[in-house]
Amino acid sequence: MKYYLIVGEASGDLHASHLMRSLKKEDPEAEFRFFGGDLMAAEGGTLVRHYRELAYMGFIPVLMHLPTILKAQKECVADIRQWQPDVVILVDYPGFNLRVAKELSRSEELPAPRVYYYISPKIWAWKEWRIKSIRRYVDELFSILPFEVDFFEKKHHYPIHYVGNPTADEVREFLASRSEERGSRSENDQRVQQSSLPTPRRIIALLAGSRRQEIKDNLPAMLKATEGYSGYDIVVAGAPGIEEAYYEQFLKGYEVRIVFGKTYELLSEATMAVVTSGTATLETALFGVPQVVCYKTPVPRLIRFAFNHIIQCKYISLVNLIADEEVVPELMADRFSVGNIREELSRIAPGTEGRQRMLEGYHRVRQALGDRRAPEETARIMVGLLGDFGRRNRPKH
């Protein structure tokens, strides 16, 4: 079968590449064409456009590059119609992807391909009205967050597939590989001999986000809050694509280290962490590292009002959203301060009751996620559905 995939950022490239690998196992004759990235290209098929040409975040950057985005959208729709795939697989990136799905449905000359959505749009947080477009233009929705099942099926009566969580898959694979490397050696010897981050002391990991603005907003307070922690090494996880020179302006005067490309190694050895909201909060939880979640915002009181009265979700961290309770403290908007970060860290230090409660909450998060492998489960369901659809719509002789 022919699969056309569309992604708009680095995380989509990663998840789509894993899905392509699983699709090839389920469908050895699979052909791929895509708007994607280098990881997808490595799996084979034809790269039509690289996601870097479209990866604009925020209202102003999108507005400034709107002609480029609209041109790419038009090219994408035309390319899909010319290639005539069996299915178009949308991966996150809802602004672009839902417009493409809408345009594909308007064709009167050619039958529209099936449209599957992998990693569903987070409309439970904002833009809930997009459920109308999903209903009209998406044939099957594949979710990686268990709480989305109730949101789509109970609230909006739109059936979806929960397929497991790829972040959980990646952490499990990493921990399994670390376990194999360590073999039968004692834990103390392992830390001294095997660690890529050797230290005789405990570690507080700082994960300040993946974008420059996030780092600029959050890292200074993280550094100040952890300054002077006796017996701890403070280690910053450098974000992919952000050069070390950018971090240097914030790290001057602090006794800290920074590592790049070793976030999982860092989390596997950290004692505590301070984390900017995002996938990193879930990764930190899956490694069993107690954390404080913080996110600085402009006009904090206004943001707090919006969060309490307008935004549709109760939490900002995936950990709390999945658990449906406050497992980790969220210091956002008016709660964001150096003093609050320091106080919350003291509550999850080794030997505290707060630390134990958080670890128990992490266990509930793991249970909710389950052990299904998201790319494999998704590929199995997709190929089965496409086969059934083809048989139902095959011309009778």
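A short tour of the structure in this document, coming up.

Reading the values: rules and limits
Residues numbered from 1 in each chain as written. Predicted model: local features only at pLDDT ≥ 70, side-chain atom pairs only at ≥ 80, totals over all residues. Heavy atoms only, no water. Helix = DSSP H or I, 4+ residues; strand = E, 2+ residues; numbered from the N terminus. Pairing = 2+ DSSP bridges. Axes fitted to C-alpha atoms, helices over the stretch in contact; angles between N-to-C directions. Contact = heavy atoms within 4.5 Å. Buried < 20%, exposed > 50% of the residue type's maximum accessible area, 1.4 Å probe, protein only. Arc of directions from axis to C-beta.

So, about the environment of lysine 122. Turning to its location among the elements, lysine 122 is positioned in the loop between strand E5 (114–118) and helix H6 (131–137). Note: C-alpha distance between lysine 122 and glutamate 148 (26 residues apart in sequence) is 8.7 Å.

We now examine the sheet that holds strand E13 (residues 330–332). Within a sheet, neighbouring strands are paired by backbone hydrogen bonds and run either parallel or antiparallel to one another. Strand order in the open sheet made by the six strands is E10-E9-E8-E11-E12-E13, with parallel pairing throughout. Each of the sheet's edge strands pairs with one partner strand only, and the pair in question is strand E10 (256–260) and E13. Pairwise comparison of adjacent strand axes, ignoring direction, gives a mean angle of 20 degrees for this sheet. Relative to strand E11 (residues 272–276), helix H13 (residues 279–286) is tilted by about 160 degrees, and along the sheet it contacts strand E8 (202–207), E11 and strand E12 (291–295).

Further remarks concern helix H7 (residues 148–155). Every buried residue of H7 is listed here: Glu148, Phe151 and Phe152. For H7, the buried positions fall inside an angular range of 80 degrees around the axis, keeping them on one side. As for H7, its buried residues are in contact with H6 and strand E6 (140–143). Of the residues trailing H7, histidine 157 is marked for its positive phi of about 55 degrees.

In this section: unusual backbone geometry. Of note, the phi angle at aspartate 92 is positive, near 50 degrees, even though the residue is not glycine. Mapped onto the secondary structure, aspartate 92 falls in the loop between strand E4 (87–91) and helix H5 (94–105). Its relative accessible area of 17% is what places aspartate 92 among the buried residues. Phi is positive for tyrosine 93, close to 50 degrees, though the residue is something other than glycine. Within the secondary structure layout, tyrosine 93 lies in the loop between E4 and H5. Under the relative-accessibility criterion, tyrosine 93 is labelled buried at 16%.

Pairing in this open sheet of seven strands is parallel, and the strands run E3-E2-E1-E4-E5-E6-E7 from one edge to the other. Only two strands of the sheet have a single neighbouring strand rather than two, namely strand E3 (46–50) and strand E7 (161–162). Alignment of E6 against E7, held across two bridges, turns out to be parallel. Note that in E7 the partner of phenylalanine 142 across the bridge is histidine 161.

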